[in-house]
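These are the residues of each chain, in order.
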Amino acid sequence: MNLPNKISFIRIALIPVFVVLLFVPFPWHMLAATAVFAVACFTDMLDGYIARSRHLVTELGAFLDTTADKMLVACALIAISALIPPVAERFVSPVEPYTIAIVAVSMIIVSRELMISGFKAMSAKKGAMLTADMFGKVKAVVQMAALIIILPVEDFYYISELAGQIIFYVGFGLFMAAGLLTIASAINYLVRNRSVLDFDEKEKASGTASGSEQAESGSREDVG
């Protein structure tokens, strides 16, 4: 197993550590969880850089990297949807609009990831090579920054209510921006790679033409 794949396995191993730190209460546990999350995000950049620079890109590596990313992000999104609103209601009134917005953006991000995964699987069967776009990269950076900022809001709130408010509103704003970038990146991704969807039409047209030629050939033989 090469080095990038080992790093991906480390990221996967960090996920249960991140989750335990989130839900086991002790002083500064949210900051500890956020630190683990940040390290996991760093390994995401690290394994990709090493794989590309050392020409160690493999199918296993691509699978591990994608799987680890989606597992990490999904856990973080579920966590903020469950843990942040109860903290925010201490200094935000009414908190319901913020809760709905956080849950809605989390759904959008997860849905986008599932859609892109299905799209990649379909393109792989057809031999098409899909490339990441700038929207996707910017979205990922903003999304990770938002999660890193908003996750420890409870610990900052214990420092001071003002600190908690600042962290919450900055993280919330970045999270909403990540939601908009997610929608934009999904649309851009589909438009840039729409040729994958066109394959079905081409194959259908090719099959129809082939069937017509066979029918015409059969008719000629009957006449002969």
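Structure: see above.
Report on the accompanying structure.

Conventions and cut-offs
- Residues numbered from 1 in each chain as written.
- Predicted model: local features only at pLDDT ≥ 70, side-chain atom pairs only at ≥ 80, totals over all residues.
- Heavy atoms only, no water.
- Phe/Tyr/Trp six-rings, centres within 6.5 Å; stacked < 30°, edge-to-face > 60°.
- Helix = DSSP H or I, 4+ residues; strand = E, 2+ residues; numbered from the N terminus.
- Buried < 20%, exposed > 50% of the residue type's maximum accessible area, 1.4 Å probe, protein only.
- Salt bridge = Lys/Arg side-chain N within 4 Å of Asp/Glu carboxyl O.
- Core = buried A, V, L, I, M, F, W, Y, C linked by side-chain atoms within 4.5 Å.
- Contact = heavy atoms within 4.5 Å.
- Axes fitted to C-alpha atoms, helices over the stretch in contact; angles between N-to-C directions.
- Parallel < 35°, antiparallel > 145°, perpendicular 65-115°, else oblique.
- Left-handed = near helix turned anticlockwise from the far one by under 90°.
- Nonpolar A, V, L, I, M, F, W, Y, C, P; charged D, E, K, R; others polar.
- Patch = residues over 30% accessible without salt bridge, like charges linked within 9 Å, V, L, I, M, F, W, Y side chains within 5 Å.
- Areas by Shrake-Rupley, 256 points an atom, 1.4 Å probe, with all protein chains shown as cover.
- Expected span 1.5 Å × (residues − 1).
- Bend = angle between axes of the 7 residues up to and from the residue.

## Topic: the packing of aromatic side chains
Piece 1. Scanning the model with the defined rule gives 9 aromatic pairs in all.
Piece 2. Pairing Phe91 with Phe168 gives two aromatic rings, centres 5.8 Å apart and planes at 70°, and the pair type is edge-to-face. One end of the pair, Phe91, is in the loop between α3 (59-88) and α4 (96-125); the other, Phe168, is in helix α7 (residues 161-192), and 77 residues separate them in sequence. Phe168 carries the same exposure label as Phe91, and that label is buried.
Piece 3. Through successive ring pairs, a cluster of aromatic residues spans Phe91, Tyr98, Tyr157, Tyr158, Phe168, Tyr169 and Phe172.

## Examining the pattern of salt bridges
Piece 1. Overall, the coordinates contain 7 salt bridges when judged by the stated rule.
Piece 2. Of the charged contacts in the structure, one is a salt bridge between Arg11 and Asp69, with a shortest N-O distance of 3.3 Å. Here the residue Arg11 occupies a position in helix α1 (residues 3-23), and Asp69 occupies one in helix α3, the gap between them amounting to 58 residues. For the pair Arg11 and Asp69, a shared accessibility class is recorded, and that class is buried.
Piece 3. Here Glu113 and Lys139 are joined by a salt bridge, their closest N and O atoms 3.0 Å apart. With a gap of 26 residues between them, Glu113 in helix α4 and Lys139 in helix α5 (residues 134-150) connect regions that are remote in the sequence.
Piece 4. Three or more residues are tied together by salt bridges with common partners; here these are Arg11, Asp44, Asp47, Asp65 and Asp69.

## Let's talk about the nonpolar core
Piece 1. Counting 38 residues, the largest nonpolar core has Phe18, Phe37, Ile80, Phe168 and Phe175 as its most contacted members.
Piece 2. Among the elements that take part in this core, α3 stands out by supplying 9 residues, more than any other.
Piece 3. When near neighbours in sequence (up to four residues on either side) are disregarded, Phe37 contacts Phe18, Leu72, Ala76, Met144, Leu147, Ile148 and Leu151.

## Some points on the packing of α3 against α5
Piece 1. Two numbers describe how α3 lies on α5: the axes approach to 11 Å, and their chain directions differ by 40°. For the element pair α3 / α5, the angle class is oblique. Crossing handedness for the pair α3 and α5: left-handed. Touching Val73, Ala76, Leu77, Ile80 and Ile84 of α3 are Gln143, Met144, Leu147 and Ile150, all from α5.
Piece 2. Classifying every residue of the contact of α3 with α5 gives 8 nonpolar, 1 polar and no charged.

## Topic: a nonpolar patch on the surface
Piece 1. Taken together, the side chains of Met1, Phe9, Leu60 and Phe63 make up a nonpolar region of the molecular surface, amounting to roughly 440 Å² of accessible area.
Piece 2. Here Phe63 lies in helix α3.

## A look at the side chain of Gln143
Piece 1. Position of Gln143 among the secondary structure elements: in helix α5.
Piece 2. Residues contacting Gln143, with those up to four places away along its chain left out, are Val73, Ile109 and Ala178.

## Some details on unusual backbone geometry
Piece 1. A cis amide bond links Ser93 with the next residue in sequence, Pro94, at an omega value of -5°.
Piece 2. As for its placement among the helices and strands, Pro94 is situated in the loop between α3 and α4.
Piece 3. Not every positive phi belongs to a glycine, and Trp28 is a case in point at roughly 65°.
Piece 4. For Trp28, the location among the structural elements is in the loop between α1 and α2 (29-53).
Piece 5. Not every positive phi belongs to a glycine, and His55 is a case in point at roughly 55°.
Piece 6. Within the secondary structure, His55 sits in the loop between α2 and α3.

## Things to note about α3
Piece 1. The end-to-end C-alpha distance of α3, which contains 30 residues, comes to 42 Å, matching closely the 44 Å that a straight helix rising 1.5 Å per residue would cover.
Piece 2. Of all bends in α3, the biggest is about 30°, found at Ile80.

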